[in-house]
Amino acid sequence: MAGLIKREDIDELRSRTRIDEVIGEFVTLKTAGIGSLKGLCPFHDEKTPSFTVRPQVGMYHCFGCGESGDVFTFLQKVEQLSFVEAVETLAGKAGMHLRYEDGKGPDREQASRRQRLLEMHEVAGRFFAQALESEAGQIGREFLSGRGFPAESSREFGIGFAPKSWDALTTHLRRAGFTDEEILAGGLASEGGRGIYDRFRGRVIWPIKDMTARTIGFGARRLYDDDKGPKYLNTPETALYHKNQVLYGLDLAKKSIAKTKRVVVVEGYTDVMAAHLAGVDQAVATCGTAFGAEHVKIIRRLLGDDPTGQVIFTFDGDAAGQKAALKAFEFESLFSAQTFVAVEPDGLDPCDLRMRKGDAALRELIDGCKPLFEFVITTAISRFDLDTVEGRISAVRAAAEVLTDIRDRNSLSHYYRFVAGRIGVDIDEVEAAVRTAARQPKQNRRPAEAPARQSSYRDGPPPAPSAPAPSTSAVPGSGSGSGAGTGPGHAPVEDARDPGPASAPEVSDERSLEYVYEERPDVSNLSAPISPARLKTEKGALMVALQHPEVVNAKLFDSLSAKAFEHPGYRRIQDAIRQAGGLGAAGPAQSKWAERVLDAAAEDLKPYVAQLLVTPLPVIEGDGIDRFARGIVARLFDYDLERIAKELHSRLQRQDTADGAGQAALLGQLQTLEQHRARLKTLM
């Protein structure tokens, strides 16, 4: 078995890799303050972006679900990879040679199962592409040229041909070193009484790729009349390929989608090709399944929930096309973007339209799209005989059911007039029907989006483990319920809220931005609650120490007493900083400093350290980070000096009045302390 990857190579790869570029392949990121980017979390559903990336620190953190980590962690979770697989994947993209502790890299026999499947699909893709250029592939080339796709476009999309053979591909893959078990696991073969045989035979082949342009499956179209199989045949569900989580053409369209904030959803592989060749390079298609909730998540991450974004569906004008449009409408409420539909009057799909009328006609079809609501309303009305009173009443009711789902209330008056004019009734009747429909719960209403799991990460990090107490809260982010967080091995976790119903005090400081997160002081382990201002200062000082250690006086910060942090969780983070060598050992590489602190932190503390690493500092544009850092750290020092002063005053009150020397010493210490505080206040 291959040895571990050398640590210095991992560090070098991390420094070479921009975390925002890697995450940007999966999530559309927008600027969110100095040095921060934000987007929709790829690990849970949300409508308001809470997924934050700090490229300078090399970390990400989601304030919604608590997921956090570095570039390797992200790739592990989003692609379901092991750590070694994630490192090797990024090294391959960076063109970096990795060294292993025993001097050897992983050989083919020991390579990961997933990586082996990916390699096998690349080999299969090249085999199909070469077969299309062969004499036997003439039938495939003729089919493609007949659909308006010249040879150069076939090569651009990686189109191939599966020979009309039972074992052409399996034989080729065996020679390349892949086992029958792997070929079956990849969905490239089926198993019969005499062994395995090629799944795709005598068909045009389209490679189906993930967002990072790696082939994970294939789609195939029947060519021969004696082929009794389905017209289109796709890869079955495998470890790589899940049809409800894939959009064909997304690897080619994602940049244009992010730039134009437009997605065009078509129905087939040839439609995607036709659209791209006609200049509609935002086109994607589902793969052998109807458009569903998982596809919505993919599109939303690319559009970034921009309300000005456009999602355009193209459907055939027949009954099946109408059914597909209504199916897509079930998920309309999950989009923040506007939804449209483009239906060709003669029932032509995009590929046929381009063949008959040219590229311009296809572009005009997309540009002339109509709101999906309008299409659905028209479809609902068309089911009734409007020449009868009963038909018109039923049509108004059906249209009202649709109108209740319109989120933009400003457009309702337009649709009232649209429905009234189409059915031939007064607008008042339509408005009354909508009010009635809104009051009544819908039957078979579209599924609402599941609310994102609300975590307790804003409550602050947990205190150090101690003996279980009779009344304890659940560990932040783990839910709640009877017995949660109690029992052996569980730490009693602070409630982080005042016991009374009083709301948070107003903060007039203009820098009291989002890093405060409405925190409430913990009272479970203290004789007196922590003030919100104190809590804010402790958190801000740790954020600066973690994100910008170079602007903090390391000697002074490292000399802080543990009592400087009243919040028990923040005290633990201060201890993790010390175990990582203190600020004096931070060095110039922020990502390495962050990694050392995370390594030193206990497992239950790591999410909170990650949160502090990525939370944007409340620095107003033009206002230096160093100025904020000096102020917040000085304020923390002042709190600590104030604590010491109180202790000295207490000792002075208890001091024997006859002990003049002792009193003088205490007074001298207090005087020196106040001088230090006066100097600190010039920085606050």
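Our structure is the block above this text.
Since this is a predicted model, take the numbers as computed values, not measurements. (Residues numbered from 1 in each chain as written. Predicted model: local features only at pLDDT ≥ 70, side-chain atom pairs only at ≥ 80, totals over all residues. Heavy atoms only, no water.)

Before going further, it helps to examine the overall build of the protein chain. Assigned secondary structure in the protein chain consists of 26 helices and 17 strands. Here the protein chain holds 684 residues, and 50% of them are scored as buried. About 32,400 Å² of surface is accessible on the protein chain, with carbon and sulfur atoms providing 50% of the total. (Helix = DSSP H or I, 4+ residues; strand = E, 2+ residues; numbered from the N terminus. Buried < 20%, exposed > 50% of the residue type's maximum accessible area, 1.4 Å probe, protein only. Areas by Shrake-Rupley, 256 points an atom, 1.4 Å probe, with all protein chains shown as cover.)

Let us look at the packing of aromatic side chains. Going through the model one piece at a time under the given rule, you end up with 18 aromatic pairs. Ring geometry for F43 against Y60: centres 6.3 Å apart, planes inclined by 35°, an arrangement best described as tilted. Of this pair, F43 sits in the loop between β2 (37–39) and β3 (51–54) while Y60 sits in strand β4 (residues 59–62), placing them 17 residues apart in sequence. Overall, Y60 belongs to the buried group, its relative accessible area being 0%. The interplanar angle of 80° and the centroid separation of 4.9 Å between the aromatic rings of Y248 and Y269 together place this pair among those described as edge-to-face. With Y248 in strand β12 (residues 247–248) and Y269 in helix α11 (residues 269–277), the pair connects residues that are 21 residues apart, well separated along the chain. In terms of burial, Y248 and Y269 fall into one category: buried. (Phe/Tyr/Trp six-rings, centres within 6.5 Å; stacked < 30°, edge-to-face > 60°.)

Another aspect to go through is the sheet that holds strand β11 (residues 232–234). Strand order in this open sheet of four strands is β6-β9-β10-β11, and the pairing throughout is antiparallel. Looking at the sheet topology across the chains shown, the edges are occupied by β6 (160–162) and β11. Sheet twist, expressed as the mean angle between neighbouring strand axes with direction ignored, is 35°. Here seven bridges tie strand β9 (residues 203–209) to strand β10 (residues 215–222), and the two strands are oriented antiparallel to one another. Bridge pairing in β10 places R203 opposite R222. Those strands touched by helix α5 (residues 113–133) are β6, β9 and β10, and its axis lies near 35° from that of β10. (Pairing = 2+ DSSP bridges. Axes fitted to C-alpha atoms, helices over the stretch in contact; angles between N-to-C directions. Contact = heavy atoms within 4.5 Å.)

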